[in-house]
Amino acid sequence: GNTATANVTVNNSSGSNPITIQGQSYSLPSQSTGSGNTVNADNGINPNKSSVAQFSFLNNYIQSSSTSGYMLQAGWEHDLATIGCCVGNFDNLLISGNFWYWNGGSLNAPGSEEGIFAAWDKNSTIIYNYLYHVPMSITQKGPVNTGGAVAYNIVNNPSYSGVNIKGECNTNVYNNTFYSNLTGVSGSPFQGLINIYNYTESNSNFYAATGTHIYNNIFYTVTSVPCIALGETADQSGFQSDYNLFY
C-alpha cells in the first residue's frame, strides 16, 4: 500500500561546541564519567548543560536498576522562566544507536524512572535506539519544534509509557516499532505507547502538546494498552496520524 514520506533532518546549533558521548557502557547507578558528566541514582548520565553545545549521544549501552530518576538527563524539568538559565543549550541534540536496558527488579515500574529525557530541547533527533523495559522510555517536553523527530526506534515493553509528548508542539514520531505485553503497575495504569498531554509549569505557564505527527509506525500489543493516548482536547489541534500498522 501507500506510505507517507517521513524525512528526518538533523540540525546543528549555530556556533556551539560539540559534546559527544560515544561507544560507552554504563551500569547505573554508582558510576562516574568524569569531565563534568556525573552518573548516579537520581540523575543518571547528566552532561554539563551550562553552555550552548551540539550534544550527541551515540552507540552506547545503558543499563539501570534505578526506580526513580533518569537514565540520560539531556534536558530540563522546567522552562526558562522558572529556572532562569541554560534551558535550550542542547537544542538540536542527536541521540542515536544506543541500547537502553532497565532491570529494576520487576517488569512493571511507576513513571518516576525516565529513559531518554530530552525535555526543553528544541528539534531533538532521537533515532535508531533500542529501549527494553524502560519505564518512561522517551520524554519530549516544552518547546515549539521546527524540525527533529523520534524515528526508527524500537520501544520494547515500556512498563509505564513509551514516547511521552508533554506540552511540546510539532513533534514528529515516524517509523518506530512499539511492542507491549504488559499491563502497568497496580494503581498506575499504563499511559500509552505514545502518550500526548499538556503541561502546566509551576509558574502557571501552560503548554499544550499540539501539532503532533505520527506516521509509519508499527504497534503490536498483547494486552489492552493504549497505542496512542491523547490527554486533553487542546492536544488534538494539528494532530495527524496515518500510515500506521496496529496489531
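Up top you'll find the structure we're talking about.
Residues numbered from 1 in each chain as written. Predicted model: local features only at pLDDT ≥ 70, side-chain atom pairs only at ≥ 80, totals over all residues. Heavy atoms only, no water.

Participant: Outline the sheet that holds strand β26 (residues 218-221), supporting the account with residue identities and numerical values.
Facilitator: Pairing in this open sheet of eight strands is parallel, and the strands run β2-β7-β10-β13-β16-β19-β26-β29 from one edge to the other. A single partner strand is all that each edge strand has here, and the edge strands are β2 (25-28) and β29 (245-246). Here strand β7 (residues 61-64) runs beside strand β10 (residues 99-102); their pairing, made up of four bridges, is parallel. Pairing of Ser 64 across the sheet is with Trp 102, part of β10. (Pairing = 2+ DSSP bridges. Helix = DSSP H or I, 4+ residues; strand = E, 2+ residues; numbered from the N terminus.)

Participant: I'd love a proper account of the environment of Cys 85, names of residues and values included.
Facilitator: With respect to the helices, strands and loops of the structure, Cys 85 is situated in the loop between α1 (80-83) and β9 (94-96). Measuring from C-alpha to C-alpha, the distance between Cys 85 and Lys 49 comes to 9.9 Å, with 36 residues separating the pair along the chain. Excluding residues that lie within four positions of it along the chain, Cys 85 makes contacts with Trp 76 and Leu 80. (Contact = heavy atoms within 4.5 Å.)

Participant: Give me the side chain of Asn 195: which residues, what numbers.
Facilitator: Mapped onto the elements, Asn 195 comes out in strand β22 (residues 194-197). A residue is classified by how much of its surface remains accessible, and Asn 195, at 8% relative accessible area, is buried. Other than its neighbours up to four places away in sequence, Asn 195 contacts Val 163, Asn 164, Ile 165 and Ala 229. (Buried < 20%, exposed > 50% of the residue type's maximum accessible area, 1.4 Å probe, protein only.)

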